[in-house]
Amino acid sequence: MDMSKTYSPKEFETKIYEKWEQEGYFHAQPNADKIPFTVVIPPPNITGQLHMGHALNQTLQDSIVRYKRMQGYEALWLPGTDHASIATEVKIIEQMAKEGISKEDLGREGFLERAWAWKEKYGNRIVEQIKHLGSSCDWDRLAFTMDERCSKAVREVFVKLYEKGLIYQGSKIINWCPCCKTALSDAEVEYTEEPSFFWHLRYPFADGSGYITVATTRPETMLGDTAVAVNPTDERYIPFIGKTLILPLVNREIPVVGDSYVDKEFGSGAVKITPAHDPNDFEVGLRHNLEVIRVMNDDGTMNEKAGEYCGLDRFEARKKIIEDLEKCGALVRIEPHAHNVGHCYRCHNSVEPIISKQWFVKMEPLAKPAIEAVRKNRTKFTPDRFSKIYFNWMENIRNWCISRQLWWGHRIPAFYCKDCGHITVAKEDPTACSKCGSKNIWQDEDVLDTWFSSALWPFSTLGYPDATADLEYFFPTDVLVTAYDIIFFWVARMIFSSLEHMKTVPFKDVLIHGIVRDAEGRKMSKSLGNGIDPLEIIDEYGADSLRFSLINGISAGNDTRFSKEKTEGARNFMNKIWNASRFVIMNCEGNKVPDITECKLTLADKWILSKLNAAVRSVTLNMEKYEMGLACASLYDFVWSDLCDWYIELTKPVLYGGDEAKKSSALGVLVYVLKSALKLLHPFVPFITEEIYQNLPGTDGSIMVSPFPRYNGKQSYRKEAASMEAVMEIIKTVRNIKVQVGAAPSKKVQLNVLTADYAKAIKACSVYIERLAGVSEIVFIGSKEEVTGKTVSHVLPSCELFIPLGELVDTDKEIARLEGELEKVNSEIARANAKLNNQGFVAKAPKALIDGEKEKLVKFNEMKEKLEAQIKEFKN
RNA sequence: GGGGGCGUAGCCCAGUUGGUUAGAGCGCUUGCUUGACAUGCAAGAGGUCGAUAGUUCGAGCCUAUUCGUCCCCACCA
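Each value, and the rule that gives it
- Residues numbered from 1 in each chain as written.
- Chains lettered and ligands numbered in written order.
- Predicted model: local features only at pLDDT ≥ 70, side-chain atom pairs only at ≥ 80, totals over all residues.
- Heavy atoms only, no water.
- Helix = DSSP H or I, 4+ residues; strand = E, 2+ residues; numbered from the N terminus.
- Buried < 20%, exposed > 50% of the residue type's maximum accessible area, 1.4 Å probe, protein only.
- Contact = heavy atoms within 4.5 Å.
- Disulfide = S-S within 2.5 Å.
- Expected span 1.5 Å × (residues − 1).
- Pairing = 2+ DSSP bridges.
- Near = heavy atom within 4 Å.
- Polar contact = N/O pair within 3.5 Å; in protein donor to acceptor, adjacent residues only side chain to side chain.
- Nonpolar A, V, L, I, M, F, W, Y, C, P; charged D, E, K, R; others polar.

Participant: Honestly, the environment of Arg66 in this entry has me stumped. Any pointers?
Facilitator: As for its position among the elements, Arg66 is in helix H2 (residues 52-70). Given a relative accessible area of 1%, Arg66 falls into the buried group. In this structure, the C-alpha to C-alpha distance between Arg66 and Val705, residues 639 residues apart in sequence, is 8.5 Å. Not counting residues within four places of it along the chain, the set of residues in contact with Arg66 comprises Trp20, Phe26, Gly134, Ser135, Ser136, Arg547, His682, Pro683, Pro686 and Met704.

Printed below as a string of C-alpha cells:
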C-alpha cells in the first residue's frame, strides 16, 4: 500500500486522465446493444479561458454522463468550441491594436489567418483546461463551429431557409454598434437605465402661426427628422395635421402627420419622427411615405446629411446641437429623465438604432412549432419555470438579424450579379449568376451571427446535413446543460432550428443552472476583478475538490456562491474519503477479503448496508431528476457520518480483536461498502475514486466503466437497522452523560441497562458500546433497585440506563436534568394527544400516520413514568 | 409596463408529491495526541421558516395580499 497520509491530488489526477484517454473510455460509437445517451457540450468561446461558470457547467455534465455510462448506456459527450465571431474579432483587434496594426492593414485574408492562429492557440487551451476538470468528453469528436462539417451545415441551412423565403434581405432599423461597426441582433443588446434628459424642442410652423413642442432623448437625431406625428384623435392637434413645420437648424420643411402610435397622454403628445434612427419612427415613416434621412456614419460620426455637424462624433454633435438649439430659441427646457440605453454585449458601447440593409430570418413560422414542442413536453425545461421565460420570448419574437459586418465567421453565401443585380444563393460557390449567367458576381462581404452556427450544434456536430450513422444513433440528444443567461441566444434557437431541419427536438431535457458568484454574491467579472480561476483552485485543492464544492448542495436554476472555504470543505471531504479508504486497505493487507455474499452479517453490517442502500436510492432518484446537489449531499452524509463516524469505528473492535472469522467478514463488508460508495461518488469526484479503486483489493479495470450500484430491496434490513440505531442511541447517551457530569471521555464506567425488548441487540453489540462509549462492563438488571450508590440515569425509548458515578454525581443537577427531559416528553405527549383527539385527523389522515402517533404516545407515556420514578428516587 | 427568483440558525445554503421532535456546512462553546484522518474525533448552544390572512385533520412547502431584495423581458418619444 502506497497511499500517502493525506489526500494529494496532484500525485494522480493527470496520470489518471491520461490513462482514461489511452484506454478509450471516453469514446462512444453507435452500438446496437446499448441505449445511447448523448450530451453535446455548450461550446466555450475561443476568446479566453475557462471561468467558474464553465467549471460548474462541465461538472454537471460530466457527473450526468459518467453516471449514465456506468449504468450501461453508450454515453457520448461531444465536445467542441465556438468561433464566437464578434467576441473573438473584438479580442483580436484589441491584440492587434497593441501592436499598432488595424484590420485594414492586414486585409481580410491576413486577418483571417491571424484569427485561425488565435483559434489554434486558445481553442487548444480551452480543451486542456476542460481536461484538467476531469471531463469525460469524446475527444475523437472534438468539433468547432467553423470546421468543415459545421460550416457545411451552416451553408445547407442558409440555402434551405433562403429558398423557403425564411431568410431575406431588407433595409430595416437594426441595432448598430458604432464601435464594432456591425449590426447586432436584439438579443445582443443589453439595456441599462442611465440618467439622461428629455430635451424639449420647439418646431415652428412654416406659416409662422406658432409651433409644436416635441421631446427627445437623442437630440442629434433631429437632423434626420422628416415629420412630427400626433395622435389623430388628439383634439389639441387635429387642426394641425397636414400643416408644415420648419425643422430648426436644418430649416427643412416637414409635415405634421396623424398616427395612432402616438400616446396622447405622454409628454406634449407630439413626437418628432426620425425614420432612419428609430424603429417606431421607421414604421410611422412607412405609413406616411416619409423620407428616410440617415445622418450618422457607421462609426458613430455624423455624415454629410448632418450639414455643419458632419464629421463630429455623435456625442460631440449632441452637445453642439443642444447649444445651437438653445441659441436659436428652439430649446424650451431640459428635463432629467432616466433613459434605457442599449449597449453592445461585447464592447459595451451604446448602440444606435440605424437603418441598414441586412439579412434576416423570418421568425414566426419557426417559432410556432418551437413553442408547441415545449408546450407538449417534447423538450422539458428543468426547472420548469424556465419554460415560461422561453414562451415569453418565443411568443414575442421578432425577426432575427443574422448578418454581421465582420470577417471572422461564416461568410454569407449570397452572390450579387453586377450585371442584372440578381442574388445567387447556393450550397456551392457559384461561378456565374444563376439568372443571367454573368460571371461578373461577387460574394456578400458579411458573415453570419455567431449564434446561427451554434443553433445547429446538436446535429451539425453529428454529421448533418449528411444522414450519418452517428446522427441516426445519437440524435436527438438527451440533455442540454446550460446557464439561464443563454436561453434566448442559444437554447431557443437550437430548438426551432432542429425542428425545422431535423423535424424533431434537439434534446429531450434542458437542465438550466445558475451563475457562479463570488463569496459576497457578486457576479464574477473582469472589471470587478473578483473572478477566480478554476485552474488555480485545481492546483491548490484538486479537481475533485473544486467539482464537489461547485455542485454539493446546489439546486437547479439557482445561482451559487463560490468561496475558498467551500472548496476547503470539499477538500476535507476528499481527505476523509482518502483516509477511510486507507484504513480499509491497510486492514486488508495480509488478510483474506471475502465477497459480501460470504460474509456473516452482524447487526452493524446490516445497518451500514441499509444505509448504503438508502444512499443508492437517494443518489439514483436525484440524478434522474437532475438534482446533483442533493445527490452529493446525501453521499457526503453517508460517507462521513454513517461510514466513517460510525461503521468504521464499529469495525475496529472486530478488526483489532482476535477472531479471524469475524475479522474477515468485517473486511468483506467494509470493502463492499467502500467500493459501492466510491462508485456512487465517482460521477462527481472521478479522480480520487479511481485512484482508490485501483488500490482496493478485488477490483480490476477502471471504476468509470464499472457498473453503478443498484438499489437492492433485500438489503433494506429495516428491523436490524432500527436495533442498531437503538444501540447507537445508547452510545451517544453515555458519552453525553460523561460530558454533563464532567467525567473524562476516557473514564471507563459501568453501564446498567434495564430493558424489556432490546437485551438481545444490546448484548450482541456490547463490544461496540464498551469501545465507543468507554464502558467497562454492561450489566443487565431486572430493576433499578439493583443499582447501588450515586447514579446518573437516563430514559431512552429502548431502555433505561444507570451509571454509577459516585462523587461525580450532583443530585440537584441530576434532578434538574431529568425534569428537563420530563418536560420534553410531556410536550410530546401533549402534541400527540392533541393530534389523536382531533376528530379530523383521526378521520382523514393516513392510517400509518395515526398508528405512528399512537405508538409514540404509548412510548412517551412509558418514558414519562420512568422519568417520574427516577426523579422521585433522587428526591428521596 | 410585464414576468420570474430569493427571504429558513451568526454566515452561506438544503429541505423532493403538504405528514415524526425543520437539516447540513462554516463559525461559535466545551472536551479529546481514542493504533484512517487535527484537512480529525466527541458533546453542545443556536431557528415563532420575512409579515398577514386563507385552504386543510395537518402548511417551511399550497392560495391571496404585503414588505424587502435580486434578476429577466419590453420601441413609449
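Having put the structure on the table, let's press on.
Participant: Can you help me understand the state of the cysteines in this one?
Facilitator: Think of a disulfide as a covalent bridge from one cysteine sulfur atom to another cysteine sulfur atom. Applying the stated criterion to the full structure yields zero disulfides. Free cysteine Cys179: the closest other cysteine sulfur is in Cys347, separated by 3.7 Å. Sulfur of Cys599: no disulfide; nearest cysteine sulfur belongs to Cys588 and is 11 Å away. On the accessibility criterion, Cys599 (10% relative accessible area) is buried.

Participant: What exactly am I supposed to notice about helix H16 (residues 564-588) here?
Facilitator: Since the α-helix advances by 3.6 residues per turn, residues separated by three or four positions end up pointing in the same direction. With 25 residues, H16 should cover 36 Å at 1.5 Å per step; its first-to-last C-alpha distance of 36 Å lies within 8% of that length. Downstream of H16 by one or two residues, Gly590 has phi in the positive range, about 75°.

Participant: How do you make sense of the sheet that holds strand S14 (residues 352-361) when you look at a structure like this?
Facilitator: What links the strands of a sheet is backbone hydrogen bonding, and the strands pair in either a parallel or an antiparallel sense. In space, the four strands of this open sheet follow the order S6-S5-S14-S16, with antiparallel pairing throughout. Whereas interior strands pair on both sides, the edge strands pair on one side only; in this sheet they are strand S6 (182-184) and strand S16 (400-401). Bridging between strand S5 (residues 167-177) and S6 involves three bridges; their strand directions are antiparallel. Each residue of the ladder has a partner; that of Asn175, found in S6, is Leu184.

Participant: When you look at the protein's contact with RNA strand B in this model, what are you seeing that I'm missing?
Facilitator: Around RNA strand B sit 57 residues in total, of which Asn280, Tyr656, Asn736, Arg831 and Lys844 are the nearest. By atom count, sugar and phosphate contribute 61% of the portion of RNA strand B lying within 4 Å of the protein. Here a phosphate oxygen of RNA strand B sits 3.2 Å away from a polar atom, N or O, in the side chain of Ser555. Here Asp645 contributes a side-chain N or O atom positioned 3.1 Å from a phosphate oxygen of RNA strand B. The set of elements that each furnish at least two residues to the surface near RNA strand B consists of strand S13 (331-344), helix H9 (385-395), H16, helix H18 (628-655), helix H21 (718-741), helix H24 (811-837), helix H25 (839-844) and helix H26 (847-875). Ranked by residue count, the leading element in the surface near RNA strand B is H16, at nine residues. Here the surface near RNA strand B is built from residues that sort into 21 nonpolar, 16 polar and 20 charged.

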